[in-house]
Each structure stands twice: as C-alpha cells, then as structure tokens.
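# Structural characterization, general
Here's the letter readout for the chains.
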Amino acid sequence: MVLSIDDPRLVESFRAGENEAFEALVRAHRPALYRHALRKLSDHAAAEDAVQETFTRAFRSRSRVGDDWKLGAWLHQILANVCIDEANRRRRDSLKSSRWASSEVDAHGVAPALENQLGLDADHSDVVRALRELPDNYQEALELRYVAELEYGEMADVLEISEENVRARVSRASKAIRVLLRPVAARSEEQTSELQSR
C-alpha cells in the first residue's frame, strides 16, 4: 500500500512500525529537517547527524504518537531537542578544552550571549538560578529562542502554538527573568558604589 504524507492512515501505520510509513515520513520531512539543523548547527556533518538522530528518536517514540498529531511539527520539536543536546555537548567539549587554557571556566552551561540578549547584568550562576525559578513554559521559550536560536515561526511549529503566542511567551519570560534578577542587579550596583567610594 502506498501512503501519501497527507494520508491520515500514515500516523497509524507509522505507530504500528510499518517500514513504508516510516520511509514516507523520512522522504517528506528530511529536506526541511536538514535545513533547520544546518541553520542551527552551521555544519553539514553535524546537521546530517542531527537529522539521523531525530528519525531514530522518532522511531523509538512512535508508539506514543497520537492520532491527531502533526508529524512534521513533532519531528521539528525532536530536532530542536537534538540541536540543543548538540549545542550542550559542544559547550561541554569547549569548556573541557578551555580548562587547559584558562582557569576561568563557565561550567553552568548557559549560552554567554543569553544575558546580553535579555539585557541583563548578571553572571551565569545568577541567570541559571533565575531560569530554574521560571515556569517550565517560560524556560522552554527562552531556551528555544536564545540557546537553540529558533526563529519565532519555528518555535510556533515546535510548541504547536501561534507565532503571536510565541512572541508573547518570550516577552513575558524575558520580563519575568529580569524581575527575578533585580535583587542581583541591586547588589551589583551596591558593590560598585562601595568600590568607587574607596
């Protein structure tokens, strides 16, 4: 039986583990997933590996797929997670390498640009603590936007919400983390004032 990517039986066949359904899924989504991975990882080999890992994870998780799931959005979500894992692995590898070159190492795993993009004057440990205090959906929004560097449209696909809602969630999450970091900023200002008065 030949299944079209738009055929509702595709989800059922994929969930049942039919090779034809899985092959149709790979053929239909591989090019878009590859472009997505290449934008995030900026490396052809890493993008290929990320797409392969995405399909491996999808196949392993196929029994959990619901009848009304949009397989494309689901695959992009898996890919986003794979890219985050790859970014974290690269960061860990980079940190290990830089330990030999410098005694100052950021071991918290937060992208250095995150504080700058959010307009925060705090060190990584303060940001990590503040992120952990945020609701899960805010953490996820900031992670997808600033760590995985997804565009709002891509985030909408991954989170399965409108682009307008994605923008609102990122905005609210950014405001919430700034509020959580106000005491840190105040302490920093006090310390700076004390040093200047000496």
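Report follows, based on the coordinates. (Residues numbered from 1 in each chain as written. Predicted model: local features only at pLDDT ≥ 70, side-chain atom pairs only at ≥ 80, totals over all residues. Heavy atoms only, no water.)

Our focus in this paragraph is the environment of Glu 140. Within the secondary structure layout, Glu 140 lies in helix 7 (residues 136–147). The exposure class assigned to Glu 140 is partly exposed, which follows from its relative accessible area of 29%. A sequence separation of 15 residues divides Glu 140 from Met 155, and the C-alpha atoms of the two residues are 9.9 Å apart. (Helix = DSSP H or I, 4+ residues; strand = E, 2+ residues; numbered from the N terminus. Buried < 20%, exposed > 50% of the residue type's maximum accessible area, 1.4 Å probe, protein only.)

So, on to helix 2 (residues 19–41). At His 29, helix 2 shows its largest kink, close to 50°, and the proline Pro 31 lies no more than four residues downstream. Along helix 2, the residues classified as buried are Ala 21, Phe 22, Ala 24, Leu 25, Val 26, His 29, Leu 33, Tyr 34, His 36, Ala 37, Lys 40 and Leu 41. Positive backbone phi, at 55°, marks Ser 42, one or two positions downstream of helix 2. (Bend = angle between axes of the 7 residues up to and from the residue.)

Okay, the nonpolar core next. The biggest cluster of nonpolar side chains holds 26 residues, and the ones touching the most others in it are Phe 14, Ala 37, Phe 55, Leu 71, Trp 74 and Leu 75. Residue assignment for this core shows that the elements contributing at least two residues are helix 1 (9–15), helix 2, helix 3 (44–60) and helix 4 (71–101). For this core, the element with the most residues is helix 2, which contributes nine residues. In contact with Ala 37, not counting residues within four places along its chain, are Ser 42, Ala 47, Ala 50, Val 51, Leu 79 and Cys 83. With 24 residues, the next largest nonpolar core counts Val 127, Ala 130, Leu 144 and Met 155 among its residues. (Core = buried A, V, L, I, M, F, W, Y, C linked by side-chain atoms within 4.5 Å. Contact = heavy atoms within 4.5 Å.)

Time to look at the pattern of salt bridges. According to the stated counting rule, one finds seven salt bridges in the structure shown. Residue Glu 48 pairs with Arg 30 through a salt bridge whose shortest N-O separation is 3.2 Å. Separated by 18 residues along the polypeptide, Glu 48 in helix 3 and Arg 30 in helix 2 bring together distant segments of the chain. For Arg 30, a relative accessible area of 26% corresponds to the partly exposed category. In this structure, Asp 85 and Arg 57 form a salt bridge, with 2.8 Å as the shortest nitrogen-oxygen distance. Taken together, the residues Asp 85 in helix 4 and Arg 57 in helix 3 connect sequence positions 28 residues apart. The class for Arg 57 is partly exposed, based on a relative accessible area of 25%. Each of the salt bridges in this network shares a partner with another, and the network as a whole consists of Arg 39, Lys 40 and Glu 154. (Salt bridge = Lys/Arg side-chain N within 4 Å of Asp/Glu carboxyl O.)

Looking now at a negative patch on the surface. Taken together, Glu 12, Glu 18, Glu 20 and Glu 23 make up a surface patch of like negative charges. By the element assignment, Glu 23 lies in helix 2. We classify Glu 23 as partly exposed; its relative accessible area is 45%. (Patch = residues over 30% accessible without salt bridge, like charges linked within 9 Å, V, L, I, M, F, W, Y side chains within 5 Å. Areas by Shrake-Rupley, 256 points an atom, 1.4 Å probe, with all protein chains shown as cover. Lys, Arg positive; Asp, Glu negative; His and termini not counted. Charge placed at Lys NZ, Arg CZ, Asp CG, Glu CD.)

The angle between the axes and the distance between the axes are what describe a pair of packed helices. Packing of helix 2 against helix 3 brings their axes to within 8 Å, and their N-to-C directions diverge by 140°. Classified by the interaxial angle, the pair formed by helix 2 and helix 3 is oblique. Here helix 2 and helix 3 pass one another in a crossing that is right-handed. Facing helix 2, whose interface residues are Phe 22, Leu 25, Val 26, His 29, Arg 30, Leu 33, Tyr 34, Ala 37, Leu 38 and Leu 41, helix 3 presents His 44, Ala 46, Ala 47, Glu 48, Ala 50, Val 51, Gln 52, Thr 54, Phe 55 and Phe 59. Here the contact of helix 2 with helix 3 is built from residues that sort into 14 nonpolar, four polar and two charged. (Axes fitted to C-alpha atoms, helices over the stretch in contact; angles between N-to-C directions. Parallel < 35°, antiparallel > 145°, perpendicular 65-115°, else oblique. Left-handed = near helix turned anticlockwise from the far one by under 90°. Nonpolar A, V, L, I, M, F, W, Y, C, P; charged D, E, K, R; others polar.)

This part takes up the packing of aromatic side chains. Using the criterion set out here, one finds four aromatic pairs in the structure. A centroid spacing of 6.0 Å and a plane angle of 65° characterise the contact between Phe 14 and Trp 74, whose relative ring orientation is edge-to-face. A residue pair is termed long-range when its members are at least 10 positions apart, and Phe 14 in helix 1 and Trp 74 in helix 4 qualify at 60 residues. As far as the burial class goes, Phe 14 and Trp 74 line up, both buried. Feature note: the residues Phe 14, Phe 22, Phe 55, Phe 59 and Trp 74 constitute an aromatic cluster, connected by ring pairs. A cation over a ring is seen here: Arg 62 above Phe 59, with NZ or CZ 4.0 Å from the ring centre. Over the ring of Tyr 152 we find Arg 145; its NZ or CZ atom is 4.0 Å from the centre of that ring. (Phe/Tyr/Trp six-rings, centres within 6.5 Å; stacked < 30°, edge-to-face > 60°. Lys NZ or Arg CZ within 6 Å of the ring centre and 35° of its normal.)

That is the geometry; function is a separate question.
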